[in-house]
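Observations on the three-dimensional arrangement
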Amino acid sequence: MSFIRTQNVKTDADGRIVSGSASIVNTVYDSSRAHKSRQVVVERLGKVLWLSQNRHSGIFLNPQRGLFCYDADTEEFGPVPSDDPRLPRAVEEEPIRHVVFGTTHLFLSFLKNLGYAELLQEVFPTKQDFQRVICHLAHKFLKDGSHVHVDDFIERTLLSYYTSGISTGSLGCDTRYFTMMGDERVKVSFFRKLVQMKRREGPDFGRCCLIDSTPLPNGIDDTPFNALSCHGTGGSAEQIRLVLVADKGSGIPVWYAIIPGNVLDVNTLDQVRADVTEFLGLEIAEYTLDAGYCSKDMIGEFFEDESGARRVDGDVIVRMPARKGYPFRKLYHSKKALFGKGKYLFTNEKHTYFGFREEIELFGRKANAYVYVDKENALSGFKNYLIEHEEEYDSMPLAEKDYKTVEYGLFVLLSTYEMEPKDLLIEYFARTDIEGIFKTAKNYLDLLPLSKWTDRTVRGKILSDMIAVPIYLQARRIVNKAKKSMTSAIGAMEASMCLVDKKKRIQVEYPTKKVKELQTLLDLPTKNNMELSDYFKSMSMPV
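Since the model is a prediction, treat every value here as computed from it, not as a measurement. (Residues numbered from 1 in each chain as written. Predicted model: local features only at pLDDT ≥ 70, side-chain atom pairs only at ≥ 80, totals over all residues. Heavy atoms only, no water.)

1. Remarks on the overall build of the protein chain
In terms of regular secondary structure, the protein chain is built from 18 helices and 20 strands. The buried share of the protein chain, taken over its 543 residues, is 51%. Contacts in the protein chain between residues far apart in sequence, at least 24 positions, make up 65% of those at least 6 positions apart. Of the roughly 26000 Å² of accessible surface on the protein chain, a fraction of 49% belongs to carbon and sulfur atoms. (Helix = DSSP H or I, 4+ residues; strand = E, 2+ residues; numbered from the N terminus. Buried < 20%, exposed > 50% of the residue type's maximum accessible area, 1.4 Å probe, protein only. Contact = heavy atoms within 4.5 Å. Areas by Shrake-Rupley, 256 points an atom, 1.4 Å probe, with all protein chains shown as cover.)

2. Comments concerning the nonpolar core
Ranked by size, the top nonpolar core spans 133 residues in total, and within it Leu108, Leu111, Leu120, Phe124, Leu158, Leu414 and Met541 carry the most contacts. With twelve residues, helix H15 (residues 455-481) is the largest single contributor of residues to this core. Among all residues touching Met541, those that are not within four sequence positions of it are Leu108, Leu111, Ala117, Phe130, Ile134, Tyr162 and Phe536. Residues Ala22, Val42, Val48 and Ala72 belong to the second largest nonpolar core, which totals 13 residues. (Core = buried A, V, L, I, M, F, W, Y, C linked by side-chain atoms within 4.5 Å.)

3. Notes on the environment of Tyr256
Take Tyr256: it is sitting in strand S11 (residues 253-260). Here the alpha-carbon distance between Tyr256 and Leu244, two residues twelve residues apart in the chain, equals 4.4 Å.

4. Structural notes on helix H2 (residues 116-123)
Three or more residues of H2 are buried, namely Tyr116, Ala117, Leu119, Leu120 and Val123. Each buried residue of H2 sits inside an arc of 165° when the element is viewed along its axis, so together they form one side. Where the residues of H2 are buried, they touch helix H1 (102-113), helix H3 (127-142), helix H6 (184-201) and H15. (Arc of directions from axis to C-beta.)

5. Quick word on helix H13 (residues 421-429)
Along H13, the residues classified as buried are Pro421, Leu424, Leu425 and Tyr428. An end-on view of H13 places all buried positions within 100° of arc, on one side of the element.

6. Observations concerning the environment of Glu301
Along the chain, the position of Glu301 falls in helix H8 (residues 296-302). Taking the C-alpha atoms as reference points, Glu301 and Arg311, separated by ten residues in sequence, lie 5.2 Å from one another.

7. A closer look at empty space enclosed by the protein
With the rule as written, the count across this model stands at one cavity of 30 Å³ or more. Roughly 60 Å³ of volume is contained in the largest cavity. Forming the boundary of the largest cavity are Met181, Gly182, Asp183, Glu184, Lys187, Tyr256, Ile258, Arg459 and Leu463. When residues of the lining of the largest cavity are traced back to their parent elements, those giving at least two are H6, S11 and H15. Its residues assigned to classes, the lining of the largest cavity comprises four nonpolar, one polar and four charged. (1 Å grid on protein atoms, 1.4 Å probe; cavity = no way out; pocket = protein on both sides within 12 Å on 5 of 7 lines; lining within 4 Å. Points joined across faces, edges and corners; volume = space filled by probe spheres on them. Nonpolar A, V, L, I, M, F, W, Y, C, P; charged D, E, K, R; others polar.)

8. What about the packing of H3 against H15?
Two numbers describe how H3 lies on H15: the axes approach to 10 Å, and their chain directions differ by 55°. Looking at the two axes, H3 sits oblique to H15. Crossing handedness for the pair H3 and H15: right-handed. Between H3 and H15, the residues in contact are Leu137, Lys140 and Phe141 and Lys461, Ser464, Asp465, Ile467, Ala468, Ile471, Tyr472 and Ala475, respectively. Of the residues belonging to the contact of H3 with H15, the class tally is seven nonpolar, one polar and three charged. (Axes fitted to C-alpha atoms, helices over the stretch in contact; angles between N-to-C directions. Parallel < 35°, antiparallel > 145°, perpendicular 65-115°, else oblique. Left-handed = near helix turned anticlockwise from the far one by under 90°.)

9. Structural notes on unusual backbone geometry
Despite not being glycine, Phe363 shows a phi value in the positive range, around 55°. The topology assignment puts Phe363 in the loop between strand S15 (351-362) and strand S16 (365-374). One non-glycine residue, Lys483, lies in the positive phi region at around 60°. Taking the relative accessible area as the measure of exposure, Lys483 reaches 78% and is therefore exposed.

10. What to know about the sheet that holds strand S2 (residues 17-29)
Reading across the sheet, the six strands line up as S1-S2-S3-S4-S5-S6 and stay open at both edges, with antiparallel pairing between neighbours. Of all strands in the sheet, those bounded by a partner on one side alone are strand S1 (3-11) and strand S6 (76-79). Strand-to-strand twist in this sheet, taken as the mean axis angle between neighbours without regard to direction, amounts to 40°. Alignment of strand S5 (residues 66-71) against S6, held across four bridges, turns out to be antiparallel. Pairing of Asp71 across the sheet is with Glu76, part of S6. (Pairing = 2+ DSSP bridges.)

And the structure:
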């Protein structure tokens, strides 16, 4: 819990404070210290004007906040009139400041227009919790790769005037926020309301889903999520895995799960499917899966037996692994005479493919096997192999030489669908959308590195990042339609400043040419002069 630490406080003969400063300090665990703890300054409160007898609350003055009161027990800030009887003399009100307006306006406009402002208010009905969420989301959304801390970032934007109920400085080490976000009920509430909102826009949202996972390597000690894994790491490493479920049509995440870093199996799918059904009311109609999910148990779940029955409803496309137990090479050798026939060739995304479909029996189940060769990848890989292994190639049997010519472009998909090979390949390539979600979360929204140290705050960190993902993805599509990038849009809007005067009126500076252009392209109307409270109300922010 935080407390007020004072320095050099002096009083006059009447007991009134005449000088001294104070800070909000938090005690954190530090195993390297003798007493296993150290004190961290959360925020400098500035000059001390009055302190309660137990020193748990006081009145302070600093250049950023002006005149204010702070209570360490409730961690709340509040206004103080300049003629408050507790003050030794009249004190100047909060100074006039220039802050960044454009990026705040861009972010809040997206929240409002995409429906997330209302959604987040339903999930976080408490004013302080909502303000913390908005500040952290804005930081993730707008900092665009810079290493500025959330408290410093918010302090220089218009959102610093939207934190009346919280300490801006406390955002930098916000254990309270990440603990709140680590509550599983918050996760369920957010995704449930997200699905409801999206289904009002389109009733098929969430029926066809892509499922994939990504490793989250980290240096966290003793977290129950970490497990030794070699899946997708090129070796063995301690890691957490994030399993993501995304709507196939829109590419919007509808659910995620955190599991220890082991290889994925049918039990993972069963649990994720059960969660999605129980918490969100979704019945997943289609699964597009990577080879990591393909196993004997998974085949037994999704594909028909001799009687035509199967245990799991919903169609599936999964990549066949090239390992023992799967007829990978057998399928090649059975049809290799057709590989050069024009009848089986087609193009997709500037690549030429050979493809055919064959019904097979696998682990006692019926499946459609789609065998493909990417001609460009096969030729390039074969050429590189010959350059480095010419003698090895010369000693091979003829059948093995034939296989080498296609090995680097050969892959097999298993599916419950019966369709043309070209059409099924396009369906499978839709899973690249989920890879784009992972890239966005990691590269743009700081999903990594994980830097929390308890079960609950790790969960909270990941949920905070995953809430930002659908907002960022949809906002980026709007910006891209205007033929701009998010980076350029955020950079341009940084130039739009405003002045907030003592009467809490916003005076927006005259926009530059680039800012005016973006305001027109993205439909961001702005008044030059308005009340601070009226502005936030117009952005659907409760005040």
